[in-house]
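Examining the three-dimensional arrangement
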Amino acid sequence: MWDVTEMKKFLIAAAVAAAAVTAPASAATYLLNYTATSGTPLPTTATLTITTANTLNMAGGYDILSASGTVNGVAITGLAGVNPPGFNTDNVYFAADPILSSGGFGWNSAGGITGNLWGNGPGAYSLYQFDGGGYTIATDGVLTVSQVPEPASWALMVVGFGLVGAFSRRRSQAVAA
């Protein structure tokens, strides 16, 4: 068992480590996986990573600051501004399903192609892509969302495990002596 001095050292080290690796969050990152269930062409899949602001906007959601990923294997080159060619977007993420409004968010791909993913209601989403002459993808489908941990969260967890391991090893060496 740890004595009082070892426990104080452990708590001080943990507090210093937490202060060193944590900072106020400036954004949240989400992984969106879309699978079309109807429309053209099938199969249509998208793996998108979006980063949002950490403060609510006037619409009650979070502004999407960046987007990356692929749609049917084609790389997204970045987030499109509000209302890219072919779409009426608002680029806002909401905490509840549907996570995207009926405006959704838009992105750019190579060759002047724009895309849009939006919410039709809980659990129902649409993904369209526009190449200037028409819609090359027009599908309805499902979306799964997961939050990507911030680097500071990972660092804090690693430091915590390291401290627990160091103190456990120190304790077992003291018992063996």
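Residues numbered from 1 in each chain as written. Predicted model: local features only at pLDDT ≥ 70, side-chain atom pairs only at ≥ 80, totals over all residues. Heavy atoms only, no water.

1. Overview of the environment of N88
Selection rule: Under the DSSP-based scheme used, a helix requires at least four consecutive residues in state H or I and a strand at least two consecutive residues in state E, with every element numbered from the N terminus. Any residue under 20% of the maximum accessible area for its type is buried, any over 50% is exposed, and the rest in between are partly exposed; the area is computed with a 1.4 Å probe on protein chains only. By definition, residues are in contact when any of their heavy atoms lie within 4.5 Å.
Its place among the elements puts N88 in the loop between β4 (74-79) and β5 (92-93). Assessed through its relative accessible area of 58%, N88 is described here as exposed. Separated by 16 residues in sequence, N88 and G104 place their C-alpha atoms 8.1 Å apart. When near neighbours in sequence (up to four residues on either side) are disregarded, N88 contacts N83, G103 and N116.

2. With respect to unusual backbone geometry
Trans is the common state for peptide bonds, and a negative phi is the common state for residues other than glycine. That bond from T40 to P41 is cis: its omega, -10 degrees, falls within 30 degrees of zero. Position of P41 among the secondary structure elements: in the loop between β1 (27-40) and β2 (45-53). In this structure, the amide linkage connecting D97 to the following residue, P98, adopts the cis form with an omega of 5 degrees. Following the sequence through the fold, P98 ends up in the loop between β5 and β6 (105-109). Positive phi is not limited to glycine here, since N83 has a value of about 60 degrees. In this structure, N91 takes a positive phi of about 55 degrees despite not being glycine.

3. Quick look at the side chain of N116
Heads up, the rule is: Polar contact is defined as a pair of N or O atoms within 3.5 Å, subject to the rule that within protein one atom must be able to donate a hydrogen and the other to accept it, and that residues adjacent in sequence are counted only when both atoms are side-chain atoms.
Relative to the elements of secondary structure, N116 occurs in strand β7 (residues 113-121). At 3.3 Å, the side chain of N116 and the backbone oxygen of G103 are in polar contact. Among all residues touching N116, those that are not within four sequence positions of it are F87, N88, T89, G103, G104, F105, G106, W107, S126, L127 and Y128.

4. Concerning the pairing of β2
What counts is decided by this rule: Two strands form a pair only when DSSP identifies at least two bridges running between them.
Where β1 lies against β2, 9 bridges are found, and the strand directions are antiparallel. Its bridge partner being in β2, A28 is matched across the sheet by T52. Linking β1 to β2, which pair antiparallel, is a turn of 4 residues.

5. Regarding the side chain of T114
Along the chain, the position of T114 falls in strand β7. A polar contact is formed between the side chain of T114 and the backbone oxygen of P85, at a distance of 2.8 Å. Apart from residues no more than four positions distant in its own chain, T114 is found in contact with P84, P85, F87, W107, N108, Y128, Q129 and F130.

6. What to know about the confidence of the model for the protein chain
The cut-off we apply is this: Every residue gets a pLDDT, meaning the predictor's confidence in that residue, from 0 to 100.
Summary statistics for the protein chain give a mean pLDDT of 85 and a share of 74% for residues scoring 70 or more. Considering only residues more than four positions removed or in separate chains, one finds that residues 20-25, a stretch of pLDDT under 50, has 7 contacts.

7. Considerations on the nonpolar core
Note the cut-off: What we call a nonpolar core is a set of buried Ala, Val, Leu, Ile, Met, Phe, Trp, Tyr and Cys residues that are connected through their side-chain atoms within 4.5 Å.
Membership of the largest hydrophobic core comes to 22 residues, with the highest contact counts inside it found for L32, L48, F105 and L117. Broken down by secondary-structure element, the contributors of at least two residues to this core are β1, β2, β3 (62-71), β6, β8 (124-130) and β9 (135-148). No other element matches β1, which puts 5 residues into this core. What L48 contacts, discounting residues up to four positions off in sequence, is Y30, L31, L32, S68, G69, T70, V71, I76, F105, W107 and L117.

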